[in-house]
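# Topology and contacts: notes
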Amino acid sequence: MIIQVSPLAESRLSAKLKDQPGYFKLFYDTDGCGCDGIAVLLIVNEPDSDDIPIESSTLPFLINKQQQIYFEPNLRLQSENSFPCFRLCSDSMIYGSNVKVYDLRDTAEMTPQPIGWVVR
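The structure contained in this document is the topic of the report that follows. (Residues numbered from 1 in each chain as written. Predicted model: local features only at pLDDT ≥ 70, side-chain atom pairs only at ≥ 80, totals over all residues. Heavy atoms only, no water.)

### Looking at the packing of aromatic side chains
Applying the stated criterion across every chain yields a total of four aromatic pairs. Between Phe 24 and Phe 61 the ring centres are 5.6 Å apart and the planes differ by 35°, which places this aromatic pair in the tilted class. In this pair, Phe 24 sits in strand S2 (residues 23-29) while Phe 61 sits in strand S5 (residues 61-64), placing the two residues 37 residues apart along the sequence. Just as Phe 24 is buried, Phe 61 falls in that class too. An angle of 20° between the planes, with centres 4.3 Å apart, marks the rings of Tyr 28 and Tyr 70 as stacked. Placement of the pair is Tyr 28 in strand S2 and Tyr 70 in the loop between S5 and strand S6 (74-80), with a sequence separation of 42 residues. Residue class for Tyr 70 comes out partly exposed when judged on its relative accessible area of 37%. Taken together through their ring pairs, the aromatic side chains of Tyr 28, Tyr 70, Phe 71 and Tyr 95 make up a single cluster. (Phe/Tyr/Trp six-rings, centres within 6.5 Å; stacked < 30°, edge-to-face > 60°. Helix = DSSP H or I, 4+ residues; strand = E, 2+ residues; numbered from the N terminus. Buried < 20%, exposed > 50% of the residue type's maximum accessible area, 1.4 Å probe, protein only.)

### Observations regarding the pattern of salt bridges
Taken as a whole and assessed by the stated rule, the structure comprises four salt bridges. Lys 25 is the partner of Asp 51 in a salt bridge, and the nearest nitrogen-oxygen pair spans 3.2 Å. Separated by 26 residues along the polypeptide, Asp 51 in strand S4 (residues 51-54) and Lys 25 in strand S2 bring together distant segments of the chain. Of the residues examined, Lys 25 reaches a relative accessible area of 8% and is grouped as buried. Arg 105 is the partner of Asp 103 in a salt bridge, and the nearest nitrogen-oxygen pair spans 2.6 Å. On the basis of relative accessibility, which here comes to 37%, the residue Asp 103 falls in the partly exposed class. Sharing partners across several salt bridges, the network here consists of Lys 25, Asp 48 and Asp 51. (Salt bridge = Lys/Arg side-chain N within 4 Å of Asp/Glu carboxyl O.)

### A closer look at the environment of Ala 39
In this fold, Ala 39 is placed in strand S3 (residues 38-44). With relative accessibility at 6%, the residue Ala 39 sits in the buried group. On a C-alpha basis, the gap between Ala 39 and Val 101 in space is 9.8 Å, while along the polypeptide they are 62 residues apart. In contact with Ala 39, other than residues within four places in its own chain, are Phe 27, Tyr 28, Phe 71, Leu 88, Tyr 95 and Val 99. (Contact = heavy atoms within 4.5 Å.)

So, in structure tokens, the structure goes:
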């Protein structure tokens, strides 16, 4: 799998890493979206055992090997100056023109906050 990232998209994604290590994981989310599913980019600390790399110019991209079926082998990720999200497409399909990035790094290591109310 290959993903071509436009210069503006690459700049914006690099800024989201904030000089910390991380991987961009292409994910097809079907949970609670009220539709067939949407493409999102997750920033994760490290690859899972089922993740495989996506060939890219400079940024580290991953995908779960079972989720490859949702995408064509050659993808393009683009961004516009006036819009904060990304557009993911291929030669024959637009996967999303409002692809969002969610930073999930270190969320598993966070201490849960105490809840101020109790159900009795």
